[in-house]
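Each chain is listed here by its residues.
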Amino acid sequence: LLAAGEISRRPRLFCAQPLACSPICTAFLEESGRSDGKPTPEEWNAPVATIAEGASIARPVRLRETCDALRRSGGGAVRVAEGAIKAATLELARSGLYVEPTCAQAAAAYHELL
């Protein structure tokens with residue numbers, strides 16, 4: 001979009017992952033020297049660890065590249081608790097948007113970023 005002239009500047013990128021399986025967000029926060037005050041899970045991807053199973057990736061292939069892109073864009077990372085994902089799923093449904101929990105984690109992360 002930038003190269004095509006559709007946007008004037010590169011947007012800030014943010015990563016949202018369920019706390020139960022958040023290797024990208026955890027790595028980014030650690031590299032940035034930031035803390036979200038949430039405990040890091042001892043075991044990634046334990047069976048039934050997150051309702052947002054579509055984002056349950058224990059070992060992202062492009063972890064380094066993703067963290068670099070977040071940093072270069074001035075963005076960030078949000079690890080979202082299960083309760084927040086559930087609440088966002090219901091909130092979206094009440095407004096007529098029916099999404100599965102993996103999609104709702106973006107709405108939950110948005111609330112945390114505000």
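Residues numbered from 1 in each chain as written. Predicted model: local features only at pLDDT ≥ 70, side-chain atom pairs only at ≥ 80, totals over all residues. Heavy atoms only, no water.

**Q** Sorry if this is basic, but what is going on with the nonpolar core here?
**A** Soluble globular proteins tend to pack their nonpolar side chains together in the buried interior. Core analysis: the largest hydrophobic core is formed by 10 residues, namely Ala52, Val78, Val80, Ile85, Ala88, Leu92, Ala104, Ala107, Ala108 and Ala109. Counting residues per element, the ones that place at least two in this core are strand E2 (76-80), helix H3 (82-94) and helix H4 (101-113). No other element matches the 4 residues that H4 contributes to this core. Setting aside its immediate chain neighbours within four residues, Ala109 contacts Ala16, Val78 and Val80. (Core = buried A, V, L, I, M, F, W, Y, C linked by side-chain atoms within 4.5 Å. Buried < 20%, exposed > 50% of the residue type's maximum accessible area, 1.4 Å probe, protein only. Helix = DSSP H or I, 4+ residues; strand = E, 2+ residues; numbered from the N terminus. Contact = heavy atoms within 4.5 Å.)

**Q** In this structure, what is going on with helix H1 (residues 23-32)? I would like to understand it.
**A** Helical geometry: 3.6 residues make up each α-helical turn, so side chains three or four residues apart lie on a common side. With 7 of 10 residues buried, H1 lies mostly within the body of the structure. Residues of H1 that are buried include every one of Pro23, Ile24, Cys25, Thr26, Ala27, Phe28 and Leu29, and no others. In this structure, the buried residues of H1 make contact with strand E1 (14-18), helix H2 (63-73) and E2. Positioned one or two residues after H1, Gly33 has a phi angle of 70°, which is positive.

**Q** Can you walk me through the side chain of Ser73 in this structure?
**A** Within the secondary structure, Ser73 is located in helix H2. Here Leu70 takes part through its backbone oxygen, which lies 3.0 Å from a polar atom of the side chain of Ser73. Filtering out sequence-adjacent residues up to four positions away, Ser73 remains in contact with Pro11, Arg12 and Leu13. (Polar contact = N/O pair within 3.5 Å; in protein donor to acceptor, adjacent residues only side chain to side chain.)

**Q** Help me out: how do you make sense of the pairing of E2 in this one?
**A** Strand residues, when the strand is regular, have side chains that alternate between the two faces of the sheet. The buried fraction of E2 amounts to 5 of the 5 residues, a majority that puts the element mostly inside the structure. Neither face of E2 is left uncovered, since the one carrying Gly76, Val78 and Val80 and the one carrying Ala77 and Arg79 both have all their residues buried.

**Q** Help me out: how do you make sense of H4 in this one?
**A** With 13 residues, H4 ought to run about 18 Å at 1.5 Å a step, and its terminal C-alpha atoms sit 18 Å apart, in line with that. Residues of H4 that are buried include every one of Thr102, Ala104, Gln105, Ala107, Ala108 and Ala109, and no others. Contact partners of the buried residues in H4: E1, E2 and H3. (Expected span 1.5 Å × (residues − 1).)

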